[in-house]
Amino acid sequence: MTLFLSFVLLALVIAVGVVLIRGLVNMAGTTTSDLEGEGPSERALKSNKLMMQRILLQGVAILVIALILMTMSSKG
């Protein structure tokens, strides 16, 4: 069980890294027209979605860490 959760945690860490890099690349491509336009731009909306996805993945990773710690502590 702990081995499976470790693999899940590794996959989550990689997913968080990928989403973080995608968000940084998206933010690096921001232009002045994105900043000066009316309302939120498409790039800003995409950045917000990527940030929410990253936060969700980090929350799931924390839950997996808690499960790993609980299973390890119950083994003694």
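Scroll up for the structure.
Residues numbered from 1 in each chain as written. Predicted model: local features only at pLDDT ≥ 70, side-chain atom pairs only at ≥ 80, totals over all residues. Heavy atoms only, no water.

## Some details on the nonpolar core
Counted only if it meets this: To qualify as a nonpolar core, a set must consist of buried Ala, Val, Leu, Ile, Met, Phe, Trp, Tyr and Cys residues joined through side-chain atoms within 4.5 Å. Relative accessibility under 20% of the residue-type maximum defines a buried residue, over 50% an exposed one, and the middle range a partly exposed one, all with a 1.4 Å probe and only protein chains included. Strands here mean DSSP runs of E at least two residues long; helices mean DSSP runs of H or I at least four residues long; both are numbered from the N terminus.
Membership of the largest hydrophobic core is limited to 10 residues, which are Leu5, Leu9, Leu12, Val16, Val19, Leu50, Leu57, Ala61, Val64 and Ile68. If you list the elements that add at least two residues to this core, you get α1 (2–28) and α3 (42–75).

## A word on the pattern of salt bridges
We apply this condition: One speaks of a salt bridge when a side-chain nitrogen belonging to Lys or Arg is within 4 Å of a carboxyl oxygen belonging to Asp or Glu.
Per the stated rule, a full pass over the model turns up one salt bridge. Between Arg43 and Asp34 there is a salt bridge, with its nearest N and O atoms 3.2 Å apart. Residue classification places Arg43 among the partly exposed positions, given a relative accessible area of 29%. Taking relative accessible area as the criterion, Asp34 reaches 22% and is therefore assigned partly exposed.

## Looking at the environment of Leu12
The criterion, for reference: Should any heavy atoms of two residues lie within 4.5 Å, those residues are considered in contact.
Inspection of the secondary structure assignment puts Leu12 in helix α1. Among the residues examined, Leu12 registers a relative accessible area of 11% and is labelled buried. C-alpha of Leu12 to C-alpha of Leu24: the two residues are 12 residues apart in sequence and 18 Å apart in space. Residues contacting Leu12, with those up to four places away along its chain left out, are Leu57, Val60, Ala61 and Val64.

## Re the environment of Leu63
Its place among the elements puts Leu63 in helix α3. With 55 residues separating them along the chain, Leu63 and Val8 place their C-alpha atoms 11 Å apart.

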